[in-house]
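Per-entry structural report
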Amino acid sequence: MSTPEPLETTPAAPVSHAHPRFAEALAELGLQVEVRRFPDATRTAAEAAAAIGCSLSEIVKSLVFTADGAPVLVLMDGSSRVDVELVRRELGARKVKRADADLVRETTGYAIGGVPPFGHATRTRVLADRRLLDHAVVWAAAGTPHTVFPLDPKTLIAHAGATVVDVREPAK
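Reference entry: report on the structure contained in this document. (Residues numbered from 1 in each chain as written. Predicted model: local features only at pLDDT ≥ 70, side-chain atom pairs only at ≥ 80, totals over all residues. Heavy atoms only, no water.)

Considerations on the overall build of the protein
Looking only at helices and strands, one finds 5 helices and 8 strands in the protein. Going from N to C terminus, the protein has its helices and strands arranged as α-β-α-β-β-α-β-α-β-β-β-α-β. Along the first, second and third principal axes, the C-alpha atoms of the protein reach 80 × 35 × 25 Å. Per-residue burial over the protein gives 45% buried out of 172 residues. For the protein, the share of sequence-separated contacts (at least 6 apart) that also reach a separation of at least 24 residues comes to 63%. Across the protein, the centroid of the 20 positively charged side chains sits 8 Å from that of the 21 negatively charged ones. (Helix = DSSP H or I, 4+ residues; strand = E, 2+ residues; numbered from the N terminus. Buried < 20%, exposed > 50% of the residue type's maximum accessible area, 1.4 Å probe, protein only. Contact = heavy atoms within 4.5 Å. Lys, Arg positive; Asp, Glu negative; His and termini not counted. Charge placed at Lys NZ, Arg CZ, Asp CG, Glu CD.)

Printed below as a string of structure tokens:
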């Protein structure tokens, strides 16, 4: 009686909690990050900071605007607001306004509350507020309203193809 040949097995790939498009972007970039999934939504910066246990300013908001009709992504820390006038000046645009939910999804491939800083459906101009560089690690959405990932801000900004600018609304 012969011994059966051992079956060749390959280890299972780790389950990614990231949106499939974002998981693909991470793989293409060669980035290995810990994607955390939370049972409650982390749609807002405050929800994400509370779930992670970090400061609000360590959250990266990925916000889509239109500048003279063209989409632009602004990466802003969670404790700050974007000064639309500074964005307008930075881009040399006549008019800048917040994009609606349909344009956000069309441009990025993700719903508001889950937009990551890169891995989008279309190539978009990206601005990153300088204040993100104040932290050793920042947290951003991983493509769903329930997932986030940590990364050092210089790497995040580089992979987003962002220009570092000052577009934060002055503190009141």
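Continuing now.
Observations concerning the environment of Asp 68
Within the secondary structure, Asp 68 is located in the loop between strand 2 (60-67) and strand 3 (70-77). Sequence-wise, Asp 68 and Lys 97 are 29 residues apart; in three dimensions their C-alpha atoms are separated by 8.7 Å. Aside from chain neighbours lying at most four places away, what touches Asp 68 is Ala 93, Arg 94 and Lys 95. Side-chain polar atoms of Asp 68 contact the backbone nitrogen of Arg 94, separated by 2.9 Å. (Polar contact = N/O pair within 3.5 Å; in protein donor to acceptor, adjacent residues only side chain to side chain.)

Some remarks on the sheet that holds strand 4 (residues 96-98)
With respect to topology, 5 strands assemble into an open sheet ordered 4-2-3-5-8, the strand pairing being mixed. With partners counted over all chains shown, the strands left at the sheet margins are strand 4 and strand 8 (163-165), one partner each. The average angle at which neighbouring strand axes cross in this sheet is 35°, direction not considered. (Pairing = 2+ DSSP bridges. Axes fitted to C-alpha atoms, helices over the stretch in contact; angles between N-to-C directions.)

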